[in-house]
Structures are given as structure tokens and as C-alpha cells.
Amino acid sequence: MKKITVLLCFFIGVSAFAQKAEYETKTNIQYYNAATNKSDSYINERCVLDIYYPKNTKGFTTIVWFHGGGLTGGSKEIPEALKNKGFAIIGVNYRLSPKAKAARAIDDAAAAVAWAFNNISNYGGDNSAIFVAGHSAGGYLASMIGLDKKYLQKEGIDANKIAGLIPFSGQCITHFEIRRENGIPEKQPTIDEFAPLFHVRADAPPLLLITGDRELEMLGRYEENAYMARMMKLVGHKETKLYELDGYGHGMTEPAFPLLVNEINRILKEKQIKK
């Protein structure tokens, strides 16, 4: 685990290419197929994404971003801190409890990431450079679909093709909304098939876990992530890191975004060296 002094993390170089690129945003793209959308009015309404991408550019990197909100609220977003970096950003809506069982959000997250793999080349992107991230509930979704391979397998995608997983303050035990639906108290930790911790594995994509200060975070959120980091290393995963942001609570996205960008650039550089 690394404790981060935030003021040292903001010095990120932005390439001349990223600064000069023109960007376009397309909104409310349905990521399920027409038959699925027709079969369920809530899917048809809710399961849409926005894509912000550099126009007339080939081979760009993509970040799929899942919003927070406890699996009961929130809406798709294109974080301002990630714009004008040369990346495409995909902001995803997913079904929310109580209109749908909370676990359906995991299915939706997988379908949205599959959409990215299947379609980003049509916009000029490189489908070998797709990163998955999110905050809080969104971080939980990123971890679940990246670690439990069955969700993306249902969509015909190998989860190991994800270039990197970067959850911000995500739950690593079973999400509290899933526990609530099953009558489990909020402060009763549970690790079952709906917990990222249940699916630790050595061959997963690179994993960067970022949390706020352990004394300011929600309900043991740092400790969950610390346990995840430890167990990933024990099972033989070579690219797990944990950062704790001193002085920041659960709403720690602002200082975390530069760390996300640094991690993406690190992974892309290492991939280029290996080529």
C-alpha cells in the first residue's frame, strides 16, 4: 500500500496530440441489442452510454467509466478531469435497485464493456487498450466484471483483454445493496459470489485500487481494498497496487483521476516496450 501526498500527484504531462485533438460526444447509445431492448422497458430506457472521443484519430485508448450511487442512484458521466487527454471516455448508465435487482447492474456493466470492445474501432479506437474504472458502486462494478470472468464470457469477451482495472473506493466485499436485498445488515461483512474478493486470481488484468483516507472513508472501505490487494498478491497476481489518499474521504475522485491517468500511461508504455 502507498500513502499518497496528493499535491505531488498533479504533474501529468499532456501530449501535444491530446491538446490539439478535436473531440466529439455521442449520447444515449443503447448497448444491448434490439431484441433485449424490446424485451424490457427498463433496459430500453436505462441501459445507454455516452462516448466522448478524439475525432479523426486512430488507435486511441478508451476508459469505460461507471458512476457511483450505491447501485440505487446516479447517472452516466464523462469526468471533466479525463477530457482532453487523448482518450475516449465512455460513461455508462446501468439498471438501479429497486427497479431491478442490484446484481443486474453487473450484467449491464459487462454488456457496456462488451459494446466498447465490439464497437470502439468504428470510432478509431484500439480495442486492445480498453481500461475499466469507476467510483464507489462504479468501482465495484469494474472489479466484478474484471475478476469474475463469467459476466463478460456471456457477452463473448475474455475479461483478460481488459488493459487495466482502476476502481475508486469500490466495495470488495459483497455490495451493501445486494446484502440489503437479502436481509443482511449494512455492517455485516459478506464475501460470496457477488464480492470481488471471492474472485481473486493470478491472471487478472493489472489492478490499481485507490481509496480515501482509512479514517475518513465509508464503513471500512480502505480495509476491504487492503485485503483485496493482499489476497491478489498471495494468489500470484503481479500487478496489484493500492493507494490511500491522505486527507480525503469517500469523495476522493479529484486527486484520484491523475493517478488513473498515470497508471494508464504506465501500462501503455510497458505494452509498447514489450512489442
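Just so it is clear, the structure is predicted and the values come from calculations on it, not from any experiment.

Once that is clear, we can look at the environment of Ala133. With respect to the secondary-structure elements, Ala133 resides in strand 6 (residues 125-135). Taking relative accessible area as the criterion, Ala133 reaches 1% and is therefore assigned buried. Once residues lying within four places of it in the same chain are set aside, the contact partners of Ala133 are Ile63, Val64, Trp65, Phe66, Gly138, Ala142, Ile166 and Leu260.

Attention now moves to the side chain of His199. Positionally, His199 belongs in the loop between helix 7 (176-181) and strand 8 (207-212). In this structure His199 comes out as buried when scored by relative accessible area, which is 13%.

Here we take up the environment of Gly134. Mapped onto the elements, Gly134 comes out in strand 6. The class of Gly134 is buried, set by a relative accessible area of 0%. Put simply, Gly134 and Asp148 are 14 residues apart on the chain and 17 Å apart in space, counted from C-alpha to C-alpha. In contact with Gly134, not counting residues within four places along its chain, are Trp65, Phe66, Gly139, Ile166, Pro167 and Phe168.

A few words now on helix 9 (residues 253-274). For helix 9, with 22 residues, the first-to-last C-alpha span of 31 Å sits near the 32 Å given by 1.5 Å per residue. Considered for burial, the residues of helix 9 that qualify are Pro255, Ala256, Phe257, Pro258, Leu259, Leu260, Val261, Glu263, Ile264 and Ile267.

Per the counting criterion, the structure on display carries 16 salt bridges. Across the pair Lys154 and Asp107 runs a salt bridge, and its minimum N-O distance is 3.1 Å. Here the residue Lys154 occupies a position in the loop between helix 6 (150-153) and strand 7 (164-168), and Asp107 occupies one in helix 4 (residues 104-123), the gap between them amounting to 47 residues. Taking relative accessible area as the criterion, Asp107 reaches 13% and is therefore assigned buried. A salt bridge links Lys150 to Asp148; its shortest N-O distance comes to 2.9 Å. Residues joined in a network through salt bridges with shared partners are Glu239, Lys241, Glu263, Arg266 and Glu270.

Another aspect to go through is the packing of aromatic side chains. Here the structure, examined in full by the defined rule, presents eight aromatic pairs. Judged by centre distance (4.8 Å) and plane angle (5°), the rings of Tyr23 and Tyr52 are stacked. Taken as a pair, Tyr23 in strand 2 (residues 23-30) and Tyr52 in strand 3 (residues 48-54) lie far apart in primary sequence, 29 residues in all. The two residues Tyr23 and Tyr52 agree in class, both being buried. Consider the rings of Tyr53 and Tyr123, whose centres lie 5.0 Å apart with planes at 75°: the pair is edge-to-face. With a gap of 70 residues between them, Tyr53 in strand 3 and Tyr123 in helix 4 connect regions that are remote in the sequence. Cluster of aromatic residues (ring-pair linked, three or more members): Tyr53, Phe60, Trp115 and Tyr123.

Reading the values: rules and limits
- Residues numbered from 1 in each chain as written.
- Predicted model: local features only at pLDDT ≥ 70, side-chain atom pairs only at ≥ 80, totals over all residues.
- Heavy atoms only, no water.
- Helix = DSSP H or I, 4+ residues; strand = E, 2+ residues; numbered from the N terminus.
- Buried < 20%, exposed > 50% of the residue type's maximum accessible area, 1.4 Å probe, protein only.
- Contact = heavy atoms within 4.5 Å.
- Expected span 1.5 Å × (residues − 1).
- Salt bridge = Lys/Arg side-chain N within 4 Å of Asp/Glu carboxyl O.
- Phe/Tyr/Trp six-rings, centres within 6.5 Å; stacked < 30°, edge-to-face > 60°.

That is the geometry; function is a separate question.
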